[in-house]
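Now for the letters of each chain:
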Amino acid sequence: MKNNPQNQRHGINSTGSGRIQKKKRSIMGTILSALLALFTVGCITLAGFFGLAKLGVSDISGKDMVQAASSQFFYSNGDLLAISDSEEDRLPVSIQKVPKNLQNAFLAAEDIRFYEHGGLDYRGIARAVVANLSGEYTQGGSTITQQLAKNYFLSQERTLTRKLHEAFIALQLEQKYTKKEIFEMYMNQIYFGQGAYGVETAANRYFGKHVEDLDLAQCAMLAGIPKSPNYYSPIDNPKAGAERQKVVLSQMVKYGFITKEQSDKAAKEKLEYKNIVSDVGSTKYFLNYCVQLVMDQYGPDAVYKQGLKIYTTLDKDLQGEAEAAAKLTPNYYTDSNKLKQPQSSIVSVDPTTGYIKAMIGGRGNDQFNRAVLAERQPGSAFKPFVYLNALENGATPNTMIEDAPIKGDWNPQNYDRRFHGKITMRTALINSYNIPAIKMSNEYGNEKVVALAKKMGITTLEESGSMTDANPSMALGGLTHGVTPLEMAGAFGAIANMGNFNKPVAITKIVDRNGKVLFEHKAHPVQICKPGSAYMLVDMMQDVMRRGTGTGAAIGRACAGKTGTTSEYRDAWFVGFTPNLSTAVWIGDDNNEPLHGMTGGGEPASLWHAYMVRAVEFVPDADFTKPKGFKMPAQVADEGKKDDKDKDKDKDKAKKDNLGKDISSGKLPGSDEGSSVVPKPPKPPSKSTPAPANTKKVPPKPGQ
């Protein structure tokens, strides 16, 4: 072939051109081969990855997914009392309880092909890429299964590695669980803001409802929140929340779940936001007590992660009345811990069951439950144990006692600094005289009094050793450690129940998340004394409220009780009962400061009256039942001579009946023993225990 003259003119020949073209074709072929090789390797890698995901066995597929759940506490009537504070507040529910509107809202907003794909929606991924490039709204590329995998197993970081792990886990989840199970776990796992995890907690937190009670507008609002919980929260950002709700509704219309008319109506609905659980208020002390009981038995994870249902004995109405009464506690000053002083405690127990019906552990934001943990001196509120022991050992309300000076180094006195000659045991208790109580305790056995009180649930007493409470000062309430309001209410409940003691109970039943009963209280009443002895003491204690130191607490129906005031007026008590409700009221300063002359017949009696007069409206009216075959001894007169001052005093006391009491003054009629005039015994016990924040006492197991 000859060369073209034109090519020669430009310095180009046909042989060189061919070589260049061949070289170009060679380079292109190499590039294409490399790309094909990379594509093939990528396909093989992806195929191998997803093959392992489907066929391989891993830790994820080898164990069940158990979501952490909060525990729920219920009042005695079944109403929700509180939900435990957990890192993730979650109340799992079955898919059957989730309304169709909410299920469909999530499908429309998050993953319309959920029931068609196998964990990864390739069409959805491609659609999301195109839509994002064009600026259109559509669903994200992640399926519901992928979102569950991410939220349960992985972090929220945005990396390729995390996305690959997410895809791997999603495929495994689809192999292990049914679509229904995955959807249910997803509904219970996702975060809705406001500390709420899962649809039930979200329904509680936003609308004050259970999830099954949500309407279409509420369902659409909730379904829109998880995309960005902080931004779309209708509480924190109402405008953004409403706009997101409309997007969800439009998606539901697009996919045929609802009509345009239903969507428009739902969008116009005015939503009200409220929490199903109100502020726990005064119940915080009782709740903390219950939490401690459960943790001691089952560990902290049981309360904060296992979703227990804990049924308590607390009566909603009585707790409200106790809270109102506690507000009558006087305010002397605010201490360094920013707590009002003095503090007060009110505890009510059903004598027939031991159920704690109301509990006020203080009046502040502290964690110290004075009803359970504060061991304080009881003063003369301890005297009923002395007289019950005497009755058990042959005495009667008519037994005579010589109210005269005690010989020896210890010279205790009565509050009025006088002696009254021979008087009955009834008169001694009515007027809370100190000398007769000491003599009766000595005569019938100090050790027996302590042993009897322990049988009645007073666990703080010392029976032996150098610090024993079996000494004469015990008769006046001078104890080594003191007593707690809860145990006093329980002990006096045994008197009301004719000698049958039921240990105070806070929890009746505990059920796990699967409905299995873990614990159920079974009553174990103990007969601690003869019914006749208890009945005689009840009759004497009724007179305390009819014409003695407790007249200011009387409520116009069958009731009995006892006042208590300690040395230098550091503690003031009123503990009393009806046939079906035993209540202890204590007032004292956490720092053990004096109470400005307060006695048990003053403010504590006022609080007891204010609470009980309302509380008895919720319990049946009843009288104390005389034991079968028991005959009450006829009352006899005292033999001691009274001077003119005594007679005048009796006349004044006779005028102070229930109809004449002045509630507006904040102090009700009725005097109490001023035990500050009682000299110390030969071996004085240690001071009563105030209520410091670090005081700790291990509570009993649930139901005990």
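Residues numbered from 1 in each chain as written. Predicted model: local features only at pLDDT ≥ 70, side-chain atom pairs only at ≥ 80, totals over all residues. Heavy atoms only, no water.

Turning next to the pattern of salt bridges. Under the criterion given, the structure shown has 21 salt bridges. Its salt-bridge partner being Arg90, residue Glu88 comes within 2.8 Å of it at the nearest N-O pair. The class of Arg90 is buried, set by a relative accessible area of 0%. A salt bridge links Glu321 to Arg614; its shortest N-O distance comes to 3.4 Å. Here Glu321 is found in helix H15 (residues 316–326), whereas its partner Arg614 is found in helix H23 (residues 603–615), with 293 residues between them in sequence. Owing to a relative accessible area of 14%, Glu321 belongs among the buried residues under this scheme. A cluster of three or more residues bridged by salt bridges with shared partners is formed by Arg426, Asp539, Asp543, Arg546 and Arg547. (Salt bridge = Lys/Arg side-chain N within 4 Å of Asp/Glu carboxyl O. Buried < 20%, exposed > 50% of the residue type's maximum accessible area, 1.4 Å probe, protein only. Helix = DSSP H or I, 4+ residues; strand = E, 2+ residues; numbered from the N terminus.)

We now examine the nonpolar core. Phe385 and Met488 are the most contacted members of the largest nonpolar core, which totals 93 residues. The residues touching Met488, leaving out its near neighbours within four places in the chain, are Pro378, Ala381, Phe385, Ile458, Val483, Trp573, Val575 and Ala584. Ala108, Met187, Val211 and Leu222 belong to the second-largest nonpolar core, a separate cluster that totals 46 residues. (Core = buried A, V, L, I, M, F, W, Y, C linked by side-chain atoms within 4.5 Å. Contact = heavy atoms within 4.5 Å.)

Attention shifts here to the pairing of strand E18 (residues 581–588). Where burial is concerned, most of E18 is hidden: eight out of the eight residues are buried. Residues Leu581, Thr583, Val585 and Ile587 of E18 are buried on one face, and the alternating residues Ser582, Ala584, Trp586 and Gly588, pointing to the opposite face, are buried as well. Pairing between strand E8 (residues 343–349) and E18: seven bridges, direction antiparallel. Following the sheet pairing, Ser348 is matched in E18 by Thr583. In this structure, strand E17 (residues 571–578) lies alongside E18, joined through eight bridges in antiparallel fashion. Following the sheet pairing, Phe574 is matched in E18 by Val585. (Pairing = 2+ DSSP bridges.)

With that settled, consider the side chain of Thr145. Looking at where Thr145 falls in the secondary structure, it is placed in helix H5 (residues 144–153). With relative accessibility at 0%, the residue Thr145 sits in the buried group. Thr145 has contacts with Phe114, His117, Gly119, Ala170, Leu173, Glu174 and Ile182, leaving out every residue within four places of it along the chain.

Attention shifts here to unusual backbone geometry. Gln341 connects to Pro342 through a cis peptide bond whose omega is 0°. Tracing the backbone through its elements, the reader meets Pro342 in the loop between strand E7 (340–341) and E8. Even without being a glycine, Glu568 presents a positive backbone phi close to 60°. Relative to the assigned elements, Glu568 resides in the loop between strand E16 (560–565) and E17. If you check the backbone angles, Tyr569 has positive phi at about 55° while not being a glycine. Tracing the sequence through the fold places Tyr569 in the loop between E16 and E17. Classification of Tyr569 as partly exposed rests on a relative accessible area of 24%.

Remember, this is a structural readout, not a statement about activity or role.
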